[in-house]
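In case you want the letters, here they are:
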Amino acid sequence: MVKSVVRTFFILLVCQFAQSQVAQDCSDAIPICNNTPVNGGTNGYGMDDFYGDATTGCLEQTVSGSIESNSAWYRFRTSAAGQLGFNIGHNNTEDWDFALYKASDCNTLGDPIRCNFFDNSEGVSFIGVGEDPTGNADSVHFEDWLQVEAGEDYYLFINNFSNVNSGFSIQFTGNIWTSNPYDALDCSIVSNLLGPPVAACENESVFLDATTTGATNYSWYVNQGNGYQQISGATAANYQVTSSGQYRVVVVTGSGNIISDVQVGFNPVPVTGNISDESFCQTSGILFDLASKDNEALDGQNPSEFMVSYHSTQTDAVSGINPLPRQYLVNPGQETIYVRTTSLANPNCFDASENFVMNAVETPDLNFNDQAVICEAVGIISIGEMYPDPNYTYAWSTGESTPNITVSQEGEYTVTVTHSSNGTVCEASKTVTVSISTMPVISSIDIEDMSANNTVTINTDALGEYEFRLGDGEYQTSNVFEGVPPGIHKVYMRDLYGCGEVEDEIVVVGFLAIFSPNGDVLNETWQIEGLSTLNSPIVTIYDRYGKLIKQMNEYDPGWDGNFNGKPLPSTDYWFKLSYIGADGNRTYAKYLQSHFSLRR
């Protein structure tokens with residue numbers, strides 16, 4: 001696509017008749033203005049503008065022994081305020097650097113305010129300030145935008161480090177060109193009757209104006225590689241240019257002749273090829289390589305002359321703004337991508353007429369659990385997708401085709417979920433492993449007592465995954481509780497999958513497993529420690545035949561091994577412990593090791 005342009009400014013990148021307009025020294029810096037490409041090559045560096053310094057900002061000395069090796073100097077002045085940047089376009093096999101100075105004189109450059117000295121190992125085609133026009137948001141070859149005010153002077157130093165160069169282009173960018181499309185930069189610094197060089201696209205009209213007060217005659221000449229030749233019939237103050245060349249006007253006045261030269265270059269306008277739509281399976285985080293569509297867009301045109309960018313709207317494509325990243329994060333659904341093919345030498349020469357549809361068919365994301373447990377008491381469970389997408393189809397290994405199924409047997413169940421759109425079929429499969437969990441059962445409880453902090457272990461013969469709790473504490477996977485104080489405690493056991501919970505009550509007290517009433521003062525009596533934590537406790541002691549030997553409460557000093565005043569023989573004796581429970585009834589303590597030994 002061609003924009004209407006009356007005058008833009010251009011130093012021709014590749015043209016057999018172009019004269020070099022590259023200044024090697026800062027003092028001869030070429031004045032440039034307006035949002036225009038400036039193209040030229042470099043060869044050597046003239047005088048050393050840095051007077052032997054080893055560095056200037058990020059730039060260092062090159063193999064030439066100076067900071068400069070193949071240099072070009074430009075200057076420009078702002079005439080508006082806003083965001084300003086520029087792209088320096090070059091062959092991707094070459095290594096270019098730059099430094100930008102905010103200064104009005106070469107003798108007071110100071111340190112650069114923007115600078116880039118990275119090598120070109122990545123093979124990029126642009127360096128500069130602002131944003132990489134190819135959409136590479138992570139490029140290390142671009143520095144931060146400038147925020148400028150009107151009337152500021154700048155010097156731009158561009159250097160070819162690789163000693164191999166086929167020229168470069170400068171293209172000004174930034175929001176300043178939106179607010180001031182024709183006067184963001186001050187063209188009064190360009191002192192030439194015909195003005196600065198003119199860049200145009202094929203089939204555009206370019207008018208050169210040499211109007212001079214007091215002129216009596218105008219003669220126009222053109223140099224297209226064979227010297228200046230007079231243009232027949234061109235005698236007016238204005239001349240319409242239709243082909244590239246170096247143009248000259250000779251103005252005859254009463255006080256003498258005025259001679260002015262200007263270069264006019266026409267760049268070809270690309271034509272974007274037909275681009276096929278893309279349809280593929282989309283998964284979370286998938287990236288689509290937009291560069292894979294470049295060949296279709298270029299359709300045989302030279303990639304070193306034209307650049308392809310991709311945009312989310314037609315407006316952005318026409319304006320050449322907000323290019324999508326080459327590695328584009330794809331969202332599910334259909335999206336139209338707008339394509340812009342642009343001349344690298346002149347970004348005003350472009351075609352944004354083509355687009356293609358990206359159909360990202362969402363691959364089913366199966367978020368339901370791949371483990372399921374059937375509670376023994378229930379006998380069935382539903383597995384699969386409980387919130388199905390109506391656009392998906394389901395196929396289970398059981399032959400069922402519903403989003404979820406009900407099963408009663410343990411085993412593995414596989415479902416394949418399919419999403420089809422416009423001929424693209426996307427599938428995902430998941431296997432659900434089903435097991436059966438039995439009800440929790442407390443088989444026994446071991447109590448290690450006779451201390452202030454006792455240990456309680458809950459035992460079970462049930463097969464399953466369980467967790468345990470003591471009193472009002474938190475559930476834990478371990479069945480062992482340490483540091484349990486004497487007294488009455490509730491213990492709980494539950495299935496991890498919600499298949500049931502059981503509880504029991506235990507009494508933690510302490511007693512001697514062996515006592516010896518033999519007059520040595522040690523272990524002379526047998527008693528239970530911790531009875532004071534119980535309500536109305538009663539301890540009854542029996543012999544092996546069930547004969548009641550002794551009954552005690554919490555105030556009793558203990559049993560001395562006698563019955564009716566006579567010593568009983570050494571043997572094992574049994575006991576029972578009862579107390580008044582929370583329900584007001586007398587309760588017998590469970591899980592106590594209810595026997596002990598008498599030794600004489």
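Caption draft 1: A look at the overall build of the protein chain. When helices and strands are tallied, the protein chain shows 3 helices and 48 strands. Computed over its C-alpha atoms, the radius of gyration of the protein chain comes to 47 Å, more than 25% above the 25 Å expected for a compact globule of 600 residues. Projected onto its principal axes, the C-alpha positions of the protein chain cover 155 × 65 × 40 Å. Across the 600 residues in the protein chain, those meeting the buried criterion constitute 46%. In the protein chain, the share of contacts with a sequence separation of at least 24, taken over all contacts with a separation of at least 6, comes to 65%. Here the protein chain carries 23 positive and 72 negative side-chain charges, and the mean point of each set is 17 Å from the other.

Caption draft 2: View of the packing of aromatic side chains. Overall, the coordinates contain 26 aromatic pairs when judged by the stated rule. With a centroid separation of 5.9 Å and an interplanar angle of 35 degrees, the aromatic rings of Phe50 and Trp73 are classed as tilted. With Phe50 in the loop between strand S2 (38-40) and strand S3 (55-56) and Trp73 in strand S5 (residues 71-77), this pair connects stretches of sequence that are 23 residues apart. By relative accessible area, which is 6% here, Phe50 ends up buried.

Caption draft 3: Spatial organisation of the sheet that holds strand S31 (residues 411-421). Overall, mixed pairing links the 4 strands, which are arranged S27-S32-S31-S29 in an open sheet. The strands lining the two open edges of the sheet, one partner per strand, are strand S27 (371-375) and strand S29 (392-396). In this sheet, adjacent strand axes meet at a mean angle of 30 degrees when their direction is disregarded. Here 5 bridges tie S27 to strand S32 (residues 424-437), and the two strands are oriented parallel to one another.

Caption draft 4: Local environment of the side chain of Ser69. Residue position: Ser69 is located in the loop between strand S4 (59-60) and S5. Judged by its relative accessible area of 7%, Ser69 is buried. At 2.7 Å, the side chain of Ser69 forms a polar contact with the backbone oxygen of Asn160. Aside from chain neighbours lying at most four places away, what touches Ser69 is Gly44, Tyr45, Thr62, Ser64, Asn159, Asn160, Phe161 and Asn163.

Caption draft 5: Summary view of the pattern of salt bridges. Taken as a whole and assessed by the stated rule, the structure comprises 11 salt bridges. A salt bridge links Arg494 to Glu467, with the shortest nitrogen-to-oxygen separation between them at 2.6 Å. In this pair, Arg494 is assigned in strand S37 (residues 487-495) and Glu467 in strand S35 (residues 466-470), connecting sequence segments 27 residues apart. Under the relative-accessibility criterion, Glu467 is labelled buried at 13%.

Caption draft 6: Representation of the layout of surface pockets in the model. Empty space within the second largest pocket amounts to approximately 1,000 Å³. In terms of lining residues, the second largest pocket is bounded by 40 residues, among which Ser125, Pro303, Ser304, Glu305 and Leu344 are the most central. Going through the elements one at a time, strand S6 (82-90), strand S13 (168-173), strand S20 (256-267), helix H2 (294-298) and strand S23 (306-311) are the ones with two or more residues in the lining of the second largest pocket. Counted by class, the lining of the second largest pocket contains 17 nonpolar, 17 polar and 6 charged residues.

Caption draft 7: Up close: unusual backbone geometry. Its identity as a non-glycine residue notwithstanding, Asn523 has a phi of 50 degrees, on the positive side. Within the secondary structure, Asn523 sits in the loop between strand S40 (514-515) and strand S41 (528-529).

Caption draft 8: Structural view of the nonpolar core. Counting residues in each nonpolar core, the largest one holds 31 residues, and the members touching the most others are Tyr74, Leu84, Phe86 and Phe172. Sequence-distant contacts of Leu84, that is, excluding residues within four places in its chain, are made with Phe76, Thr78, Val129, Trp145, Leu146, Val148, Phe172, Thr173, Ile176, Trp177 and Leu185. If you look at the next biggest cluster of nonpolar residues, it comprises 22 residues, including Phe515, Leu531, Trp559 and Tyr573.

Caption draft 9: Just the state of the cysteines, in detail. For the structure on display, the rule yields 6 disulfides. In the protein chain, the bonded cysteines, numbered by position in the sequence, are linked as 1-4, 2-6, 3-5, 7-9, 8-11, 10-12.

Caption draft 10: Geometry of the pairing of S32. When S31 meets S32, the two strands line up antiparallel, connected through 11 bridges. Across the sheet, Thr416 pairs through a bridge with Ser429, a residue of S32.

Caption draft 11: Representation of the environment of Ile286 within the structure. Topologically, Ile286 is positioned in the loop between strand S21 (278-282) and strand S22 (287-289). Since its relative accessible area comes to 23%, Ile286 is described here as partly exposed. Excluding anything up to four places from it in sequence, Ile286 contacts Cys281, Tyr328, Leu329 and Val330.

Caption draft 12: The sheet that holds strand S38 (residues 501-508), seen in detail. The strand order S35-S37-S38 describes an open sheet built from 3 strands, whose pairing is antiparallel. Each edge of the sheet is formed by a strand with only one pairing partner; in this case those strands are S35 and S38. This sheet shows a mean twist of 20 degrees between the axes of neighbouring strands, independent of strand direction.

Caption draft 13: Structural detail: the pairing of S23. Where burial is concerned, most of S23 is hidden: 6 out of the 6 residues are buried. Of the two faces of S23, the one lined by Phe306, Val308 and Tyr310 and the one lined by Met307, Ser309 and His311 are each fully buried. With 6 bridges joining them, S23 and strand S25 (residues 333-343) adopt antiparallel strand pairing. Note that in S25 the partner of Met307 across the bridge is Thr342.

Caption draft 14: Expanded view of the environment of Glu554. If you trace the backbone, Glu554 turns up in the loop between strand S43 (548-552) and strand S44 (562-563). Its relative accessible area of 29% is what places Glu554 among the partly exposed residues. Linking Glu554 and Ser536, residues 18 residues apart in sequence, is a C-alpha distance of 7.7 Å. Glu554 has contacts with Leu531, Ser532 and Pro537, leaving out every residue within four places of it along the chain.

Caption draft 15: Quick look at the environment of Asp138. Tracing the backbone shows Asp138 in the loop between strand S9 (126-129) and strand S10 (142-143). When the C-alpha positions of Asp138 and Phe511 are compared, they lie 76 Å apart, and in sequence the two are 373 residues distant.

About the criteria used
Residues numbered from 1 in each chain as written. Predicted model: local features only at pLDDT ≥ 70, side-chain atom pairs only at ≥ 80, totals over all residues. Heavy atoms only, no water. Helix = DSSP H or I, 4+ residues; strand = E, 2+ residues; numbered from the N terminus. Rg over C-alpha atoms; globule rule 2.2 N^0.38 Å. Buried < 20%, exposed > 50% of the residue type's maximum accessible area, 1.4 Å probe, protein only. Contact = heavy atoms within 4.5 Å. Lys, Arg positive; Asp, Glu negative; His and termini not counted. Charge placed at Lys NZ, Arg CZ, Asp CG, Glu CD. Phe/Tyr/Trp six-rings, centres within 6.5 Å; stacked < 30°, edge-to-face > 60°. Pairing = 2+ DSSP bridges. Axes fitted to C-alpha atoms, helices over the stretch in contact; angles between N-to-C directions. Polar contact = N/O pair within 3.5 Å; in protein donor to acceptor, adjacent residues only side chain to side chain. Salt bridge = Lys/Arg side-chain N within 4 Å of Asp/Glu carboxyl O. 1 Å grid on protein atoms, 1.4 Å probe; cavity = no way out; pocket = protein on both sides within 12 Å on 5 of 7 lines; lining within 4 Å. Points joined across faces, edges and corners; volume = space filled by probe spheres on them. Nonpolar A, V, L, I, M, F, W, Y, C, P; charged D, E, K, R; others polar. Core = buried A, V, L, I, M, F, W, Y, C linked by side-chain atoms within 4.5 Å. Disulfide = S-S within 2.5 Å.

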